[in-house]
Amino acid sequence: MKIHEYQARDLLAKFGLPVPPGIVVSSGDEAANAFTQLNSPVAVVKAQVHAGGRGKGGGVKLVKSTDEARSVANTILSKPLVTPQTGPEGVPVRKLLVAAGVDIAKEYYLGMAVDRARNCPVLIASSEGGVEIEQVAHDTPDAIIREPIDPAMGLQPFQARKVAYQLGFKGKQISQAVKAMVKLANLFIQTDASLAEINPLVVTPPDADNPDGQILAIDAKISFDDNALFRHDDIKQLADPHEEDPAEIQANKFGLSYVKLDGNIGCLVNGAGLAMATMDLIKLHGAEPANFLDVGGSATEEAVTEAFRIILSDPKVKGILVNIFGGIMKCDIIARAIVSAAKQIGFKVPLVVRLEGTNVQPARQIIKDAQADIPTLSVGTDLTDAAKKITAALAA
Amino acid sequence: MSILVDGNTKVICQGITGSAGAFHTKGCFDYGTGMVGGVTPGKGGTKDPNGLPIFNTCAQAVDATGASVTMIFVPPPFAADAILEAADAGIKLIVAITEGIQVVDMMRVKQQLMLHNARNTDGGPTRLIGPNCPGIITPGPKGKGCKIGIMPGYIHTPADEAKSNKAVGIISRSGTLTYEAVWQCSERGIGQSTCIGIGGDPVRGMDFVDCLELFLDDSATDGVVLIGEIGGSDEETAARYIKAHAKKPVAAFIAGRTAPPGRRMGHAGAIISGGEGTAEAKIEALRNAGCHVADSPANLGSTMAKALGL
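Residues numbered from 1 in each chain as written. Chains lettered and ligands numbered in written order. Predicted model: local features only at pLDDT ≥ 70, side-chain atom pairs only at ≥ 80, totals over all residues. Heavy atoms only, no water.

*Asks:* In this structure, what is going on with the overall build of chain B? I would like to understand it.
*Replies:* Across its full length, chain B carries nine helices and 13 strands. The C-alpha atoms of chain B give a radius of gyration of 19 Å, which matches the 19 Å a tight globule of 310 residues would have. Seen through its principal axes, chain B has C-alpha atoms that stretch 55 × 45 × 35 Å. Looking at chain B residue by residue over its 310 residues, the buried ones come to 62%. (Helix = DSSP H or I, 4+ residues; strand = E, 2+ residues; numbered from the N terminus. Rg over C-alpha atoms; globule rule 2.2 N^0.38 Å. Buried < 20%, exposed > 50% of the residue type's maximum accessible area, 1.4 Å probe, protein only.)

Okay, here's the thing in structure tokens:
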């Protein structure tokens, strides 16, 4: 589960990390008031959407007056925000963060993630902050420090000190950086996060109170392990349904795993691996999949019927490929769902069905009997045959 | 021969009275697996519909039945505890079917199993398969075969019944894609020594290399089918191992070439993030290691057959 930047900042603050003041608004007037309240010569107005690359899409702007805050806020709120991660249609912006501007001496990157090879959390740090960490990892892998963490012990102060000195922090910055790292690691483990990034973490220029400058978290991105949300009611409430595809939410209600894609062949499959392989198969035969859909092992006839409804709700879908290898899932449940979906929704587009595994004989009989009533229905004898039939039907 | 489990294996089920646990215990029992009991705290002293004794704790179950293997269907919030309980009771192979265990819990479990194995060196290490997996099967009739998990037994061909006189080991991150591979091999007369679903989670027990090591050593295994998917770097690690050690042919398939980055494809572990875990990188690594990589999931069986010289 993903959350917004302002929610991530609140969470950082809750765990004791230093975050500059900021106010969440949803209109130009509110943004103007926020600017006045912050009492800072410069503020940053930032679109609150889950997609990254907001700056490139014009969703992050510096403002220096209340009027400018108002007009910039109105502009960002007025139209969907298009970023490299949103697709050309963009996403609507409902909330903005107005944050006090900060003088920056140097930018760093600080993140926590799961190290899948070592099976433990890992602290990732770099003195090349402010840019995408993937880019840094690609261009200058040596500029990235990775410190594995014992999941039971958490990040130890000596580890944080080691990283702080490696990053080049000096004087009073060291203890500030160590605290920030330990707190970020605690946040990651205690909230069951799957990713927690501060980018940039900055050091401010020295002033009278802070001869070595001050360490602050400027931007943050945090996402959580969906499987652990049951034990974090407070985090579950941070979900923003506006950010999710309504079809995906509907699918979840029926225990289906659905991801919308850009192609025109809908797929209905049991099992995540087979569902991905079916998408690949479609592509291999020269077409594009419209979705990933795993009905799971214990879906009912009703849930599978709903799956057809979800696939057909995408106007781009010009054909459907059903690929089932019955294990726990019984093929006749799928066959009956096809008959019921034909009655309830109707198949105007070509439908190719390939069934194998548990209860395949009765299922094939049901399909055979249904073909008279569903003229667009045909049977694939194996995977390749099914893929060829559906792509040929679309080309025709 | 086979790896890890055979007709003599004694198996218990943790979570035997839950709906999935009960259903699949019967499935394994009917297949001929040496099911000897189950564990559900609070239900000790009763019997399940197959007449198997139920115990309150794993320790009691192991003590009374001599089981060395467990199949776990305990719900996600309690599954990590169940895995640790099994290890503590002296179980040597833990097959965790449960889907949806929290990653932080699994990281702690892995750490604890490492410590457990360092402290208890008698009788070999305790191994974990899964979680979020179909389980493990050595195909065969009662007394020879052993099915632990949710896979349909009848699609498999025991190694000694294979028409081609060849049998392969199958290792996979995906359940139904494993069945697809098994089916395509069976249809071509290729038997299976043992099939292992290692699971679709980012943090899991045995990985490809752990399984490859055993298959390469097994006299009944003539080749290996390796089925990977996007996310993580297990396939790349496996490729390095294959290049250095494999003297048997390895056929491979990687699912998810069309999956968009940043989206979780059903399995918690099937996600391309930070430019890592792409299908292309995995396929290239496996090809460079001399694996026969199938382009299409429809060619899993034919690719293996070709690699075996059939």
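*Asks:* Would you mind showing me how to read the sheet that holds strand β1 (residues 22-25) of chain A here?
*Replies:* Across a sheet, strands are paired by hydrogen bonds formed along the backbone, either parallel or antiparallel in direction. All names here are of chain A. Spatially, β1-β4-β2-β3 is the arrangement adopted by the four strands of the open sheet, whose pairing is antiparallel. Strands with a single pairing partner mark the edges of an open sheet, and in this sheet they are β1 and β3 (60-63). Each strand axis lies, on average, 20 degrees off the axis of its neighbour in the sheet, ignoring direction. On top of the sheet, helix α1 (residues 5-14) reaches β1, β2 (43-47) and β4 (96-100); it is set at about 45 degrees to β4, its chief contact. The sheet contacts of helix α2 (residues 28-38) involve β1, β2, β3 and β4, and relative to β1 the element is tilted by about 170 degrees. (Pairing = 2+ DSSP bridges. Axes fitted to C-alpha atoms, helices over the stretch in contact; angles between N-to-C directions. Contact = heavy atoms within 4.5 Å.)

*Asks:* How should I be thinking about the layout of surface pockets in this particular structure?
*Replies:* A probe matching the size of a water molecule, rolled over the atoms, marks out where space remains unfilled. All names here are of chain B. Volume-wise, the second largest pocket comes out at about 420 Å³. As for the second largest pocket, its lining consists of 17 residues, and the residues nearest its centre are Lys-110, Met-114, Asn-117, Thr-126 and Asp-210. Mapped by element, the contributors of at least two residues to the lining of the second largest pocket are α4 (103-119), β6 (127-129) and α6 (208-217). No other element matches the six residues that α4 contributes to the lining of the second largest pocket. Of the residues in the lining of the second largest pocket, the class split is seven nonpolar, five polar and five charged. (1 Å grid on protein atoms, 1.4 Å probe; cavity = no way out; pocket = protein on both sides within 12 Å on 5 of 7 lines; lining within 4 Å. Points joined across faces, edges and corners; volume = space filled by probe spheres on them. Nonpolar A, V, L, I, M, F, W, Y, C, P; charged D, E, K, R; others polar.)

*Asks:* Looking at this structure, I do not really get the domain arrangement of chain B. What am I missing?
*Replies:* Interface size is commonly expressed as the accessible surface area that is lost when the partners come together. All names here are of chain B. Examined at the domain level, chain B breaks down into domain 1 (10-129) and domain 2 (152-308). Between domain 1 and domain 2, the C-alpha centre-to-centre distance is 26 Å. Each partner contributes to the interface: domain 1 provides nine residues, whereas domain 2 provides ten residues. Approximately 880 Å² of surface area, both sides summed, lies buried where domain 1 meets domain 2, with 66% of it carried by carbon and sulfur atoms. Considering only the side of domain 1, the residues that lose the most area to domain 2 are Lys-110, Arg-127 and Ile-129, jointly responsible for 45% of the buried surface there. Counting across the interface, domain 1 meets domain 2 through zero salt bridges. Joining domain 1 to domain 2, the criterion identifies three residue pairs in polar contact (both at pLDDT 80 or more). Of all the elements in the fold, those that place two or more residues in the side of domain 1 that touches domain 2 are α4 and β6. It is α4 that provides the largest number of residues to the side of domain 1 that touches domain 2, a total of four residues. Across the side of domain 1 that touches domain 2, the residue classes break down as seven nonpolar, no polar and two charged. (Domains from an automatic or database assignment. Buried area = accessible area lost by both parts, 1.4 Å probe. Salt bridge = Lys/Arg side-chain N within 4 Å of Asp/Glu carboxyl O. Polar contact = N/O pair within 3.5 Å; in protein donor to acceptor, adjacent residues only side chain to side chain.)

*Asks:* When you look at the nonpolar core in this model, what are you seeing that I'm missing?
*Replies:* Among soluble globular proteins, nonpolar side chains are generally buried collectively. Membership of the largest hydrophobic core comes to 94 residues, with the highest contact counts inside it found for B:Ile148, B:Leu226 and B:Leu286. No other element matches helix α9 (residues 272-284) of chain A, which puts seven residues into this core. Not counting residues up to four positions away in its chain, the partners in contact with B:Leu226 are B:Ile171, B:Phe208, B:Leu212, B:Ala238, B:Ile242, B:Val250, B:Ala251, B:Ala252, B:Phe253 and B:Leu286. Residues A:Val178, A:Leu184, A:Phe188 and B:Ala87 belong to the second largest nonpolar core, which totals 71 residues. (Core = buried A, V, L, I, M, F, W, Y, C linked by side-chain atoms within 4.5 Å.)

*Asks:* Hey, could you run me through the domain arrangement of chain A in this one?
*Replies:* Residues and elements named next belong to chain A. What the domain assignment lists for chain A is domain 1 (1-20 + 103-244), domain 2 (21-101) and domain 3 (245-395). The straight-line distance from the C-alpha centre of domain 1 to that of domain 2 is 23 Å. Between domain 1 and domain 2, the residue contacts involve 15 residues of the former and 15 residues of the latter. Surface buried jointly by domain 1 and domain 2 totals about 1300 Å² across both partners, of which 47% is contributed by carbon and sulfur atoms. Taken as a group, Glu-5, Tyr-6 and Glu-243 account for 39% of the area that domain 1 buries against domain 2, more than any other trio of residues on that side. Close ionic contact of Lys-46 with Glu-5 constitutes a salt bridge, the shortest N to O distance being 2.7 Å. On inspection of domain 1 and its partner domain 2, the count reaches seven residue pairs in polar contact (both at pLDDT 80 or more). Class assignment for the residues of the side of domain 1 that touches domain 2 results in five nonpolar, two polar and eight charged.

*Asks:* Looking at this structure, I do not really get the sheet that holds strand β10 (residues 191-197) of chain B. What am I missing?
*Replies:* Residue and element names in this part refer to chain B. If you walk across this open sheet you meet the seven strands as β8-β7-β10-β9-β11-β12-β13, and the pairing is mixed. Two strands in the sheet have a free side with no partner beyond their single neighbour: β8 (146-149) and β13 (292-293). In this structure, strand β7 (residues 135-138) lies alongside β10, joined through two bridges in antiparallel fashion. Paired with Ile-136 across the two strands is Ile-196, which belongs to β10. Contacting β9 (167-172), β10 and β11 (223-229), α6 crosses the sheet at an angle of about 170 degrees to β9. The strands touched by helix α7 (residues 234-245) within the sheet are β11 and β12 (250-255), with β11 carrying the most contacts at an inclination of about 155 degrees.

*Asks:* Help me out: how do you make sense of the packing of aromatic side chains in this one?
*Replies:* By the definition in use, this model includes four aromatic pairs over all chains. Where A:Phe308 meets A:Phe347, the ring centres are 5.2 Å apart and the plane angle is 85 degrees; that geometry is what we call edge-to-face. In this pair, A:Phe308 is assigned in helix α10 (residues 301-312) and A:Phe347 in the loop between α11 (331-344) and β15 (351-357), connecting sequence segments 39 residues apart. With a centroid separation of 6.1 Å and an interplanar angle of 75 degrees, the aromatic rings of A:Phe325 and B:Trp183 are classed as edge-to-face. In this pair, A:Phe325 is assigned in strand β14 (residues 319-326) and B:Trp183 in helix α5 (residues 175-187), connecting two distinct chains. Overall, the relative accessible area of 0% leaves A:Phe325 in the buried class. Site record: aromatic cluster; members linked through ring pairs are A:Phe325, B:Tyr179 and B:Trp183. Above the face of the A:Tyr108 ring, A:Lys106 is positioned so that its terminal group lies 5.3 Å from the ring centre. (Phe/Tyr/Trp six-rings, centres within 6.5 Å; stacked < 30°, edge-to-face > 60°. Lys NZ or Arg CZ within 6 Å of the ring centre and 35° of its normal.)

*Asks:* I'm lost on empty space enclosed by the protein in this one. Help?
*Replies:* Residues and elements named next belong to chain B. This model, assessed by the stated rule, comprises one cavity of 30 Å³ or more. If you go around the largest cavity, the residues you meet are Pro-134, Gly-135, Ile-137, Met-151, His-156, Thr-178, Tyr-179, Val-182, Cys-195, Ile-196 and Gly-197. The set of elements that each furnish at least two residues to the lining of the largest cavity consists of β7, α5 and β10. Along the lines of polarity and charge, the residues of the lining of the largest cavity split into seven nonpolar, four polar and no charged.

*Asks:* I would appreciate a short explanation of the environment of B:Gly274 in the present structure.
*Replies:* All names here are of chain B. Secondary-structure assignment places Gly-274 in the loop between β12 and α8 (279-288). For Gly-274, a relative accessible area of 46% puts it in the partly exposed group. When the C-alpha atoms of Gly-274 and Met-206 are compared, they prove to be 25 Å apart, with 68 residues separating the residues in sequence.

*Asks:* Help me understand the side chain of A:His232, please; the structure alone is not making it clear to me.
*Replies:* Within the fold, A:His232 resides in the loop between β10 (220-224) and α7 (233-236). In contact with A:His232, other than residues within four places in its own chain, are A:Gln190, A:Thr191 and A:Asp192.

*Asks:* Got a minute to help me understand unusual backbone geometry in this structure?
*Replies:* Generally, phi is negative for residues other than glycine and the peptide bonds are trans, each holding for most cases. With an omega of 5 degrees, the peptide bond running from A:Asn199 to A:Pro200 counts as cis. Its location among the elements puts A:Pro200 in strand β8 (residues 193-203). A cis amide bond, omega 5 degrees, links B:Gly130 with the succeeding residue B:Pro131. Relative to the assigned elements, B:Pro131 resides in the loop between β6 and β7. The phi torsion at A:Asn39 lies on the positive side, around 55 degrees, for a residue other than glycine. Along the polypeptide, A:Asn39 turns up in the loop between α2 and β2. Phi angles above zero are rare outside glycine, and A:Asp192 is one such case at about 55 degrees. Within the element layout of this structure, A:Asp192 appears in the loop between α6 (173-190) and β8.

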